[in-house]
Amino acid sequence: MAKIVIPDSAQAALKELKSADIVVGIPSYNNARTIGHVVQAAHAGLLKYFPQYTAVIVNSDGGSSDGTRDVVLSASMQDARLLMLSTPVKPVNRLSLPYHGIPGKGSAFRLIFQIASNLGAKACAVVDSDLRSITPEWIDLLLRPVVHAEYDFVAPYYHRHKYDGTITNSIVYPLTRALYGHRLRQPIGGDFGVSLRLLRRYLERDDWETDVARYGIDIWMTTVAVAEGFRVCQSFLGAKLHDAKDPGSDLSAMLQQVVGSVFTLMQEYEPAWSRISGSQDIDLFGFRYDVGLDPIEVNLDRMLVSFRRGCEELKEVWQLALSPETLEQIDALAMATATPAAFHIEDELWVRLIFEFACAHHKRRLDRGTLLRSLTPLYLGRVASFVIETRDLTAPEVDQRVENLCLTFEALKPRLIAQWSGAPGPTPKSVPETVLPQHVAAGQKELEV
């Protein structure tokens with residue numbers, strides 16, 4: 001794949017640097033309020049833990065209008081320098097650059113990876129620009145396994161509120177674990193460490209102009225690493241505290257792009273995942289400890305209303321994706337929304353539903369965008385069921401519920417393989433491009449991935 005064009009403003013700086021050992025990338029868009037802290041933590045981490053290495057901090061910005069890039073270049077390091085236990089041998093350079101292409105985190109990552117590749121960096125870490133909990137130790141934990149232990153991919157491991165990360169807990173983690181056999185707890189966590197070998201593999205690929213460039217970049221990076229046999233591990237980073245999502249953000253689009261990326265990658269890597277059964281732990285670095293967590297607001301009534309209305313209005317779509325048995329059970333649940341205490345989506349039903357959506361996506365039984373958008377009310381129903389069932393449970397008890405769901409995904413994987421490779425059957429009746437109800441796009445905005 002052709003290299004992307006690096007802005008002229010960076011060419012002179014890169015020419016002067018010639019090479020670097022480490023690159024820390026920070027993608028951003030209107031994060032002036034928080035990015036200064038992130039830059040300071042990254043800078044302090046590089047000075048403290050990698051003083052012998054030439055390092056560059058790269059801010060890849062999506063056109064911020066709030067002065068984000070100015071904050072990056074002016075962030076003071078005076079206090080951090082006082083805390084260093086050893087005198088830094090080499091300075092840390094900073095670059096703040098605009099990226100071009102499809103708006104989104106993936107385009108920002110692409111620019112960061114291209115700069116790291118051009119500089120021949122041994123390791124590259126990427127961290128979110130809205131982090132409030134990042135410490136200098138994060139930089140060490142994300143980079144040291146690459147620099148000193150020859151890992152190619154370091155995924156984050158966080159402590160999270162039991163209602164935070166619902167897309168991860170209900171779909172992405174258990175599905176990718178069952179598919180590829182690696183227990184990577186946060187496959188879409190947002191903060192990663194990557195080797196030069198792996199980031200150059202990323203740059204070779206030709207899917208940067210797809211939904212990967214928006215919300216799908218994290219699961220895309222994780223899947224390529226595990227499916228292609230790169231050495232992977234995870235590092236415990238404590239809590240991930242960051243800015244709340246924009247109240248106007250579209251959950252349906254996020255769910256569509258993240259889950260759509262998982263389903264699309266399933267097609268490419270079918271030879272890898274179809275041979276795997278069960279799962280295994282992977283190496284975990286860092287010291288695990290309990291931390292305080294931000295509360296998460298959950299509007300249970302809105303989720304149940306969305307689920308019920310989906311059952312009323314999306315049946316024509318779901319008939320093309322779901323088996324009669326699964327659809328019958330979903331229909332029965334619509335009546336239960338009137339009494340929330342009795343509303344429950346069993347793990348086995350949820351796993352069958354996700355597998356059937358994956359197969360419908362694979363066999364193109366209907367427009368893929370329509371299919372994925374129609375998943376939103378079902379997802380909200382599953383989250384509502386989870387909230388009802390876990391209200392009085394402790395964090396370890398909730399973790400066990402997630403583990404039970406993962407084991408169900410693994411146990412039913414032979415069903416997925418049979419459906420995936422089976423004959424597509426008669427051509428279903430066509431469905432016009434569906435305009436989904438407004439409530440599907442509205443979603444549950446307090447919950448995050």
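As a reminder, the structure under discussion sits directly above these lines.
Rules used throughout
- Residues numbered from 1 in each chain as written.
- Predicted model: local features only at pLDDT ≥ 70, side-chain atom pairs only at ≥ 80, totals over all residues.
- Heavy atoms only, no water.
- Helix = DSSP H or I, 4+ residues; strand = E, 2+ residues; numbered from the N terminus.
- Buried < 20%, exposed > 50% of the residue type's maximum accessible area, 1.4 Å probe, protein only.
- Contact = heavy atoms within 4.5 Å.
- Pairing = 2+ DSSP bridges.
- Axes fitted to C-alpha atoms, helices over the stretch in contact; angles between N-to-C directions.
- Phe/Tyr/Trp six-rings, centres within 6.5 Å; stacked < 30°, edge-to-face > 60°.
- Lys NZ or Arg CZ within 6 Å of the ring centre and 35° of its normal.
- Arc of directions from axis to C-beta.
- Salt bridge = Lys/Arg side-chain N within 4 Å of Asp/Glu carboxyl O.
- Core = buried A, V, L, I, M, F, W, Y, C linked by side-chain atoms within 4.5 Å.

Novice: Looking at this structure, I do not really get the overall build of the chain. What am I missing?
Specialist: Counting its regular elements, the chain contains 20 helices and eight strands. Out of the 449 residues in the chain, the part that is buried amounts to 59%. A sequence separation of at least 24 residues applies to 86% of the contacts in the chain between residues at least 6 apart.

Novice: Is there a simple way to explain the sheet that holds strand β6 (residues 192-195) in this structure?
Specialist: Pairing between the strands of a sheet is mediated by backbone hydrogen bonds and can be parallel or antiparallel. One open sheet accounts for eight strands, arranged β3-β2-β1-β4-β6-β5-β7-β8; its pairing is mixed. Of all strands in the sheet, those bounded by a partner on one side alone are β3 (92-98) and β8 (284-285). Most of the contacts of helix α2 (residues 32-49) go to strand β1 (residues 22-28), to which it runs at about 175°, and overall it touches β1, β2 (55-61) and β3. Strands in contact with helix α9 (residues 217-227) are β5 (153-159), β6 and β7 (232-239); relative to β6, the strand with the most contacts, it is inclined by about 45°.

Novice: How should the pairing of strand β4 (residues 123-126) be read in this particular structure?
Specialist: Residues in a regular strand project their side chains so that they alternate between the two faces of the sheet. Residues Ala123 and Ala125 of β4 are buried on one face, and the alternating residues Cys124 and Val126, pointing to the opposite face, are buried as well. Inspection of the sheet shows β1 paired to β4 by four bridges, in the parallel sense. Residue pairing for β4: Ile22 is matched across the bridge by Ala123. With four bridges connecting them, β4 and β6 associate as antiparallel partners. In the sheet register, Val126 faces β6, and the bridge partner there is Phe192.

Novice: Please clarify how the packing of aromatic side chains should be interpreted in this entry.
Specialist: Each aromatic ring pair is described using two quantities: the centre-to-centre distance and the angle formed by the ring planes. One pass over the full model with this rule turns up 14 aromatic pairs. Measuring from ring centre to ring centre gives 5.2 Å for Phe307 and Phe343, while their planes differ by 70°; the resulting arrangement is edge-to-face. In this pair, Phe307 is assigned in helix α12 (residues 300-313) and Phe343 in the loop between α14 (324-336) and α15 (347-362), connecting sequence segments 36 residues apart. Pair check on accessibility: Phe307 and Phe343 agree, each one buried. The residue whose ring lies beneath Arg231 is Tyr151, and the NZ or CZ to ring-centre distance is 4.0 Å.

Novice: Can you help me understand helix α8 (residues 196-204) in this one?
Specialist: Since the α-helix packs 3.6 residues into each turn, any two residues three or four apart lie on the same face. When α8 is considered as a whole, its buried residues turn out to be Leu196, Leu198, Leu199, Tyr202 and Leu203. Along α8, the residues classed as buried sweep out an arc of 165° about the axis, all on the same side. Buried-residue contacts for α8 involve α5 (105-119), β4, β5, β6 and α9.

Novice: Please explain the pattern of salt bridges as it appears in this structure.
Specialist: When their charged atoms lie close together, side chains carrying opposite charge are able to pair. In total, this model carries 25 salt bridges according to the counting rule given. For the salt bridge of Arg110 with Glu209, the shortest nitrogen-to-oxygen distance reads 3.0 Å. Taken together, the residues span a long stretch of sequence, with Arg110 in helix α5 and Glu209 in the loop between α8 and α9 at a distance of 99 residues. Here Arg401 and Glu389 are joined by a salt bridge, their closest N and O atoms 3.5 Å apart.

Novice: Honestly, the nonpolar core in this entry has me stumped. Any pointers?
Specialist: Ranked by internal contacts, the top residues of the largest apolar core, which has 109 residues, are Phe113, Phe153, Tyr202, Met221, Trp318 and Trp350. Ranked by the residues each element gives to this core, the list is headed by α15, at 10 residues. If sequence neighbours within four positions are ignored, Met221 has contacts with Phe109, Phe113, Phe153, Phe192, Val194 and Tyr202. In terms of nonpolar packing, the next biggest core, distinct from the first, is built from 33 residues, Ala123, Trp138, Leu143 and Cys233 among them.

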